Amino acid sequence: MEILNYTFFQNALIGSLLASIVCGFIGTYIVTRRLVFISGGITHASFGGIGLGVFFGINPILSALIFAVFSACGVQWMSHRNDVREDSAIAVFWTFGMSIGIICSFLTPGFMPDLPSFLFGSILTIGTADIILLAALSVVVILIFTILFRPILSVAFDACFARSQHLPVTAIEYLMMVLIAMTIVSTLRMVGIVLAISLLTIPQMTANLFTFSFKRMIAYSILFGWIDCLIGLMISYWMNIPSGASIIFVSIIVFALFKTIIMLFNKFAKSEIATS
């Protein structure tokens, strides 16, 4: 328990809670709307913003945030054009962002010490600025979902039906893409670029095992996400490994465990019914 006295670990605990809240809301929308591949493209495109930030000497998280938002809007715009397929639009921004990030990283004089933390996550790099960003984003996301819950729910399940009801589908889609980009960038310090999308999908998959309700899925996703983060952070500290890898590893194990338990329970219940 002595690790709780360290400021960096206190920041990690607070950051993991805030990240779980944000990812619980946004991740549920992503899984329901089936935007996992698009979100993966935005995640890797954000590396271009990190490279630009390092090259020009500005905050990499700020530059990544701007780059990711423009990439998200670009993907949304190109994917709705008749002459460009959605997967092609994702590939364009995915590879463009990665290429910009790699070029700027190699052109930057000296060694880039924070590169592993951006790629794989590290509890040592979670600072006050990251917590403030996550806290502000949490408030914004909660307010938006509270005010626009019905339209967001309609768009998430059936955008065509929502459009027939004269809902602002296009505006909501762009708004959610911006929030997805901001969520991804805000969690880079914790899980890294390579694994950021997993924090937005695996806890939601676990929650989906227990409920099909959108509201309850958000609540369960926050709970499972925080549990995964807490266990993953402890493992990361004890074994001295990247926090991103340990958090996602734990989340997959938790999902597989509950999935197995539910399958065995259903199988047992069916056998009981058959014998009776």
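Provided above is the structure to which this section pertains.
Note that the coordinates shown come from a computational prediction; the quantities given were computed from them, not determined experimentally. (Residues numbered from 1 in each chain as written. Predicted model: local features only at pLDDT ≥ 70, side-chain atom pairs only at ≥ 80, totals over all residues. Heavy atoms only, no water.)

A.B. asks: I keep staring at the overall build of the chain and nothing clicks. Help me out?
C.D. replies: Per the secondary structure count, the chain includes 13 helices and zero strands. When the helices and strands of the chain are listed from N to C terminus, the series reads α-α-α-α-α-α-α-α-α-α-α-α-α. The globule rule puts the C-alpha radius of gyration for 276 residues at 19 Å, and the 20 Å found for the chain is close to it. Principal axes of the C-alpha set define a box for the chain whose edges measure 75 × 55 × 30 Å. (Helix = DSSP H or I, 4+ residues; strand = E, 2+ residues; numbered from the N terminus. Rg over C-alpha atoms; globule rule 2.2 N^0.38 Å.)

A.B. asks: Help me understand a nonpolar patch on the surface, please; the structure alone is not making it clear to me.
C.D. replies: The grouping of Phe55, Phe56, Ile58, Ile103 and Leu107 at the surface amounts to a nonpolar patch, some 520 Å² of accessible area in total. Of all the elements in the fold, those that place two or more residues in the nonpolar patch are helix H2 (36–56) and helix H4 (86–107). Exposure remark for Ile58: the relative accessible area of 45% places this residue in the partly exposed category. (Patch = residues over 30% accessible without salt bridge, like charges linked within 9 Å, V, L, I, M, F, W, Y side chains within 5 Å. Areas by Shrake-Rupley, 256 points an atom, 1.4 Å probe, with all protein chains shown as cover. Salt bridge = Lys/Arg side-chain N within 4 Å of Asp/Glu carboxyl O. Buried < 20%, exposed > 50% of the residue type's maximum accessible area, 1.4 Å probe, protein only.)

A.B. asks: Got a minute to help me understand the packing of helix H1 (residues 7–33) against helix H9 (residues 169–186) in this structure?
C.D. replies: Contact pair H1 / H9: the axes reach a minimum separation of 10 Å and the direction vectors enclose 125°. One finds that H1 runs oblique with respect to H9. Both H1 and H9 take part in a crossing whose hand is left-handed. On H9, the residues that touch Val22, Cys23, Ile26, Tyr29, Ile30 and Arg33 of H1 are Glu173, Met176, Leu179, Ile180 and Thr183. (Axes fitted to C-alpha atoms, helices over the stretch in contact; angles between N-to-C directions. Parallel < 35°, antiparallel > 145°, perpendicular 65-115°, else oblique. Left-handed = near helix turned anticlockwise from the far one by under 90°. Contact = heavy atoms within 4.5 Å.)

A.B. asks: Mind showing me how you'd approach empty space enclosed by the protein here?
C.D. replies: Any empty space left between the atoms is revealed when a probe the size of a water molecule rolls over them. A complete count under the given rule lists one cavity of 30 Å³ or more for this structure. Considered as a void within the structure, the largest cavity measures approximately 30 Å³ in volume. Lining the largest cavity are Ala19, Ser20, Cys23, Gly24, Leu199, Pro203, Gln204, Ser221, Gly225 and Cys229. Among the elements of the structure, H1, helix H11 (202–208) and helix H12 (214–239) are those that each provide at least two residues to the lining of the largest cavity. By residue number, the principal contributor to the lining of the largest cavity is H1, which donates four residues. (1 Å grid on protein atoms, 1.4 Å probe; cavity = no way out; pocket = protein on both sides within 12 Å on 5 of 7 lines; lining within 4 Å. Points joined across faces, edges and corners; volume = space filled by probe spheres on them.)

A.B. asks: Looking at this model, I keep getting lost on the environment of Ile61. Mind explaining?
C.D. replies: Tracing the backbone through its elements, the reader meets Ile61 in helix H3 (residues 60–79). By relative accessible area, which is 9% here, Ile61 ends up buried. When the C-alpha atoms of Ile61 and Ala89 are compared, they prove to be 24 Å apart, with 28 residues separating the residues in sequence. In this structure Ile61 touches Phe118, Asp130, Leu133, Val185 and Arg189, once residues within four positions along its chain are discounted.

A.B. asks: Whenever I open this one, the nonpolar core confuses me. Can you help?
C.D. replies: Counting 69 residues, the largest nonpolar core has Ile26, Tyr29, Ile42, Phe145 and Ile180 as its most contacted members. Examining the composition of this core, we find that 11 residues originate from one element, H1, more than from any other. Those residues in contact with Ile180 that lie beyond four places of it in its chain are Ile26, Tyr29, Ile30, Leu35, Ser39 and Ile42. Judged by nonpolar contacts, the second largest core, of five residues, contains Ala207, Met217, Val250 and Val254. (Core = buried A, V, L, I, M, F, W, Y, C linked by side-chain atoms within 4.5 Å.)

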